[in-house]
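One letter stands for each residue in the lines below.
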Amino acid sequence: KKRGKGHHSGSASSSYTSSSGTDEENVQGEEQNDYNLLLQNPIDFVKDAVMSGTLDLDKLAEELKNKKELQRKERENKQLNERLSMKQQRASLPIYRHREGLLEAIGKHQVIIVVGETGSGKTTQIPQYLYEAGYNRKTGNEGSDREFMLVGCTQPRRVAAMSVAKRVSDEMDVKLGHEVGYCIRFEDRTNKDTKIKYMTDGMLLREFLREPDLASYSVLMIDEAHERTLQTDVLFGLVKDVARFRSDFKLIISSATLDAQKFSEYFDDAPIYEVPGRRYPVEILYTKQPEGDYVDAAVVTALQIHVTQQLGDILIFLTGQSEIETAASILEDRSRNLGGKIKELIICPIYASLPSNEQAKVFKPTPKNARKIVIATNIAETSLTINGIVYVIDAGFIKQNCYSPKTGVESLVVTPVCKASARQRAGRAGRLCPGKCFRLYTKWSYKHEIEESSIPEIQRTNLGSVVLLLKSLGIDDLINFDYMDPPPSETLIASVQQLYALGALNNLGELTTLGRKMAEFPLDPMLSKSLINSEKYGVSQEVMVIASMLSVNNNIFFYPKKGQNVTVANNAISAFYVTEGDHLTLLNVYSQWKDSNYSTQWCYENFVQPRALNRAKDIMEQLQNLCERVEVALKSNPTDKIQIAKALTSGYFYHTARLQRNGEYKTLKTPIDVDIHPTSSTFKEKPKCVIYYELVMTTKNYMRTVAQIQPEWLVEVAPHYYTQKEIEFGESSKKKLPKIKN
Ligand code: CDP
Ligand code: MG
C-alpha cells in the first residue's frame, strides 16, 4: 500500500509503505480478499438468479458459506503443506543426523563446543532439540519463580536474534513471543510461557544484573562465538563462572570457523563436537586493478553476472546502510532502464536497522526465472543464511569500531576484511551448487595486505559500558578477570578514568551511587550520565526525549535520492533545524510530532520516518520506567536551551571540539582534526565550541549529532577533567588525574 502523496520515488518509497501488521491484521486482510474475490466473480448461481428474477437470499448465504468453508480448507491445506515442508527442511539440514549425538554429548558434559559450517542448522535446531529433549522441565525447585526453565541462545546481532526467533517459531508452529521469543535492547518479546529465548549477547550481559546465577536458564548457547564481540567475550568469563557453581547448568559454545581449539582450551578442555556441512567448490575471482569505488564496482559486477551467468541469487557484501541503499537504488534504476531486456531482478537490502517486515523479504524463495540480489553488511557472513545464493560479490571491507586509549577517540572505520571473513563470505556461494565469488580487490592484496584474522573487539573498543557493568556485578579486579584475550591495560585504565570523570567511580575505583544508577540504563555511560544529571538542570523530560531519539538506530529523516522531491525534502527537514544543535533539532521533531497527536500523515508531509519516531516513543516509555526505578524525577523546561545543552555537556564533555583559526575543528583534550557532518544543523553556523555524539571516520573524521556549547561549562560540569586554563587557551595540557586503583 503506497501512500497517495506521491512525493517520493524509486526504491526509497519502500520506507513509506505502511508498517507490518500483526498476525491478526494479516488474517483480516485475507478475509477481505476472499470477500473481494466473491464480489469480482459472482457465483454462477447468483447470475442465473438475477437473470431469472428468482434471487434466493437464503440459498445465496448458503453458497457463500460453502465457498468460504472451501477456501478455509484450502488455506489450512496450504498451511499443512508448508508445515510438512518445514519438517522436511529441518530433516534435510546437515545437523539433523547429529541430533542424538549432540544431545548425548550435552547430557554427558557440562560444556561443549559445537563447530559447524554456516547454514548447517546450529542456531535454529540445537535449541529445538534441547526443547524436545525436555531441557525446559524443572526437576526440583531450582531456579527462578518461572514455571519452566529457559533454553537461551545469544546472538551478536539484533537482526539475527529477531529473524532466527521468527524462523523457529514458524518451524514449531507457535506464535512469536510465546514459546519462542527474543529479547533485544528496548524490545522484549518473551513471556512467562517462553521456553526458547534468543537474545543479543548485550541483553544477556544485562540480565546478570538481575540474575547473577542465570537461575532461569537450564542451557545457554553462546552462538557465533567466532565473532568475538565485546559482549560475547565478557560473557565467556561470566558464564564460565556460572558453570562452576551450578552443576545443573549446561553451556554450549557454537562457532562457524574451525578454530575451536582456543574455545576448548579456555573452557577447561571442553569437548569439541563437529557438524560437517555440505560444501561445493567456489571459484574465486579477483579484480586486476584495485577498485576506486567498490560500491559502483559491486553494482556493475552484479549486472554483469545477471546478463552473462546462469540463474542463481547474488549476495553482495558492503559495509553499511548508506552504501547498501545507494547500491540498491542504482541497481533498481539500471534494471528499470534495461526493462524487458533482462530477466526480473529482485533487490533485497539487509542491515541491522532494516524494519523486520523488509528483512523477511530476503528469506522469501526467488520466483522461477527471476534473480535475487541480496545486499548485506557482514551480517550475512555467518549470522544469517540465505538459501539460493550462487554468486558472492565481496567488496572486501567492513565497518569496525576502533579506539585509541591514548587520545580517547572512538570511531567507526571502514577497514579491509580479514582472510577468515573473506573465506566465510566466499563460502556463502557454495551451499546449493558450485558457486563463484567475485572479490573486488586484487589477488596480490589478498595475499599480502589482508590480515589472517581480525582483532577481537575487546582489544579495539572503549570499555566504559563493560567496566561499569562488571563493577556493578561486584567484579572489582578488572585486570585479572578471566578474559579469553585480555584488553590492553591502557584501555582499561582509560575507561576507569572516564568513569571516574563522569562520577560513576570514586577515586578508590569503587562504584558510586551515581554509577549504580548509570548501570541501570542500557545506554552508553555518557548518555546515562546526561540523562540522570538532567534532573539537576530541570530538563529531564527533554533529555529523555533526546536520549530516545539518539537510541533509534534508523535515520530520523527521509532523504529522497533524486527528483524534485530532494529540494522539497531538504526544505522540510531544514525547517526543523535548531541552530544550537542537532540534539535540540531531534527534540523539536519529536515535540512537533507529539503536537500532531503522533500523526503518521504529519510524518509523511515532513519527511520524517514514522517508524523511527514510533520506536523513539517506545524507547522513551522504557527510559521513563527506568528513571522511576532509579528515582530520577521528570522535570520539564522545553524552552531553556541552555539548561538542556548543559545537561548534555555533563555527560559528553569527553566529546568536545573547538573551532580553530583556520576554520577547522580540533578535539579538545587530545587534538585531532575533525569536521562537522554536512547533515548537522550546525554545519553552516560553525559554533566556536561543540560536543558531539559520535565520530565517524570515512573520508574525513566527521562529528555526528553536534551541539553548540560554551567552553566555560566544561569546567563547571567536569571539574575533575578540565582546568580553567585549558578551556581558555584550548591547550591540550592534561590535568593530572589522581591515581585510581585498577
Ligand atoms: O546457525 P547455522 O548457520 O548453522 O544455521 P541456521 O541459521 O540454523 O540455518 C539453518 C537453515 O534455516 C538454513 O537453511 C537457513 O536458510 C534457514 N533459515 C531460514 O530460512 N530463515 C531464517 N530466518 C533463519 C534460518
Ligand atoms: Mg547460526
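A quick note: this is a predicted structure, and the numbers were derived from the prediction, not measured.

Help me understand the overall build of the protein chain, please; the structure alone is not making it clear to me.
If you tally the helices and strands in the protein chain, you get 26 helices and 21 strands. Burial statistics for the protein chain: of 742 residues in total, 42% are counted as buried. Considering only intrachain contacts with a sequence separation of at least 6, the fraction spanning at least 24 residues in the protein chain is 73%.

How should the sheet that holds strand β2 (residues 150-155) be read in this particular structure?
Taken together, eight strands build an open sheet; the order of strands is β4-β3-β5-β2-β6-β7-β1-β8 and the sheet is mixed. Every other strand in the sheet has two partners, leaving β4 (187-189) and β8 (272-275) as the edge strands with one partner each. The average angle at which neighbouring strand axes cross in this sheet is 20 degrees, direction not considered. Judged from the four bridges that link them, strand β3 (residues 180-184) and strand β5 (residues 196-200) form a sheet pairing that is parallel. Its bridge partner being in β5, Tyr 182 is matched across the sheet by Tyr 198. The sheet strands contacting helix α5 (residues 122-132) are β1 (111-116), β2, β5, β6 (217-222), β7 (250-255) and β8, and the helix crosses β2 at an angle near 170 degrees.

Looking at this structure, how should I read the environment of Gly 427?
Considering the arrangement of structural elements, one finds Gly 427 in helix α13 (residues 419-427). Not counting residues up to four positions away in its chain, the partners in contact with Gly 427 are Thr 118, Arg 279 and Val 282.

Teacher, can you tell me more about the sheet that holds strand β9 (residues 282-286) here?
In a beta sheet, neighbouring strands are held together by backbone hydrogen bonds and run either parallel or antiparallel to one another. Pairing within the open sheet is parallel, and its six strands lie in the order β9-β16-β13-β10-β12-β11. At either end of the open sheet lies a strand with only one pairing partner, and these are β9 and β11 (344-350). Going from strand to strand, the sheet's axes swing by 20 degrees on average, the running direction of each strand aside. Relative to strand β16 (residues 435-439), β9 is paired through five bridges, and the arrangement is parallel. Paired with Leu 285 across the two strands is Phe 438, which belongs to β16.

Where do I start with the site of ligand 1 in this structure?
As a structural note, the neighbourhood of ligand 1 is formed by 16 residues, with Lys 122, Thr 123, Thr 124, Arg 167 and Thr 385 the closest of them. Of all elements in the fold, only α5 and α6 (158-171) reach the threshold of two or more residues within the shell around ligand 1. For the shell around ligand 1, the element with the most residues is α5, which contributes four residues. Split by residue class, the shell around ligand 1 holds three nonpolar, eleven polar and two charged.

Where do I start with the UniProt feature "domain: Helicase C-terminal" (unreviewed entry) in the protein chain in this structure?
Annotation from UniProt places "domain: Helicase C-terminal" (unreviewed entry) at residues 299-474. In this annotation, residues 299-474 is assigned 34% helix and 26% strand; the end-to-end C-alpha distance for the span is 51 Å.

Sorry if this is basic, but what is going on with the pairing of β3 here?
Along any regular strand, the residues point their side chains to alternate faces of the sheet. Of all five residues in β3, five are buried; the element is thus mostly enclosed. Judged by which residues are buried, β3 turns out to be covered on both faces: Val 180, Tyr 182 and Ile 184 on one side and Gly 181 and Cys 183 on the other are all buried. Sheet topology note: the β3/β4 ladder contains three bridges and is antiparallel. Paired with Ile 184 across the two strands is Glu 187, which belongs to β4. Hairpin connection between β3 and β4: a loop of two residues separates the two successive antiparallel strands, and Phe 186 in this loop has a positive phi of roughly 65 degrees.

Honestly, the environment of Thr 229 in this entry has me stumped. Any pointers?
Topologically, Thr 229 is positioned in the loop between β6 and α8 (230-245). The sequence separation of Thr 229 and Ile 458 amounts to 229 residues, and the corresponding C-alpha distance is 7.0 Å. Dropping the residues within four chain positions of it, Thr 229 is found in contact with Pro 156, Asp 201 and Glu 457.

What is the right way to look at the pairing of strand β19 (residues 673-676) in this model?
Here β19 shows a buried face lined by Val 674 and Ile 676 and an unburied face lined by Asp 673 and Asp 675. Where strand β18 (residues 665-667) meets β19, two bridges bridge the pair, whose relative direction is antiparallel. Looking at β19, one finds that Tyr 665 is bridged to Val 674. In textbook terms, the turn of a hairpin is the stretch between consecutive antiparallel strands, and for β18 and β19 this stretch comprises five residues.

How do you make sense of the packing of helix α15 (residues 464-472) against helix α16 (residues 489-502) when you look at a structure like this?
A pair of packed helices can be characterised by two numbers: the angle between their axes and the separation between those axes. Running from N to C, α15 and α16 point in directions that differ by 75 degrees, and their axes come no closer than 9 Å. One element, α15, and the other, α16, form an angle in the roughly perpendicular class. In contact with Gly 464, Val 467 and Leu 468 of α15, α16 contributes Ser 495, Val 496, Gln 498 and Leu 499. By residue class, the composition of the contact of α15 with α16 is four nonpolar, three polar and no charged.

Teacher, can you tell me more about the packing of helix α19 (residues 540-551) against helix α21 (residues 582-595) here?
Running from N to C, α19 and α21 cross one another at 95 degrees; their axes reach a closest spacing of 9 Å. The orientation of α19 with respect to α21, classified from their angle, is roughly perpendicular. Residue-level contacts link Glu 542, Val 545, Ile 546 and Met 549 of α19 to His 583, Leu 586, Leu 587 and Tyr 590 of α21.

What is the right way to read the confidence of the model for the protein chain from this model?
Close reading of the predicted structure is inappropriate where its pLDDT is low. With 90% of its residues at a pLDDT of 70 or more, the protein chain shows a mean pLDDT of 87. Here residues 1-40 is a poorly scored stretch, pLDDT under 50, and it has 40 contacts once near neighbours within four places are set aside; other chains count. With pLDDT under 50 throughout, residues 731-736 is counted as low confidence; its partners more than four residues away or in other chains account for eight contacts. Interface predicted TM-score (ipTM) for the complex: 0.99; the corresponding pTM is 0.84.

Quick question: what am I supposed to make of α15 here?
An α-helical turn contains 3.6 residues, so any two residues separated by three or four positions project in the same direction. Of all nine residues in α15, eight are buried, a share of seventy percent or more. For α15, the set of buried residues is Gly 464, Ser 465, Val 466, Val 467, Leu 468, Leu 469, Leu 470 and Lys 471. Where α15 is buried, its residues meet α7 (201-210), α8, α16, α17 (513-520) and α18 (525-533). At the exit of α15 stands Gly 474, carrying a positive phi of roughly 85 degrees.

In this structure, what is going on with the environment of Tyr 500? I would like to understand it.
Relative to the elements of secondary structure, Tyr 500 occurs in helix α16. Separated by 220 residues in sequence, Tyr 500 and His 720 place their C-alpha atoms 8.4 Å apart.

Conventions we followed
Residues numbered from 1 in each chain as written. Chains lettered and ligands numbered in written order. Predicted model: local features only at pLDDT ≥ 70, side-chain atom pairs only at ≥ 80, totals over all residues. Helix = DSSP H or I, 4+ residues; strand = E, 2+ residues; numbered from the N terminus. Buried ≥ 20, exposed ≤ 12 C-beta atoms within 10 Å, placed from the backbone. Contact = placed C-beta atoms within 7 Å. Pairing = 2+ DSSP bridges. Axes fitted to C-alpha atoms, helices over the stretch in contact; angles between N-to-C directions. Near = placed C-beta within 6 Å. Nonpolar A, V, L, I, M, F, W, Y, C, P; charged D, E, K, R; others polar. UniProt positions renumbered as here; feature names shortened; annotations may be inferred. Parallel < 35°, antiparallel > 145°, perpendicular 65-115°, else oblique. pLDDT = per-residue confidence, 0-100.

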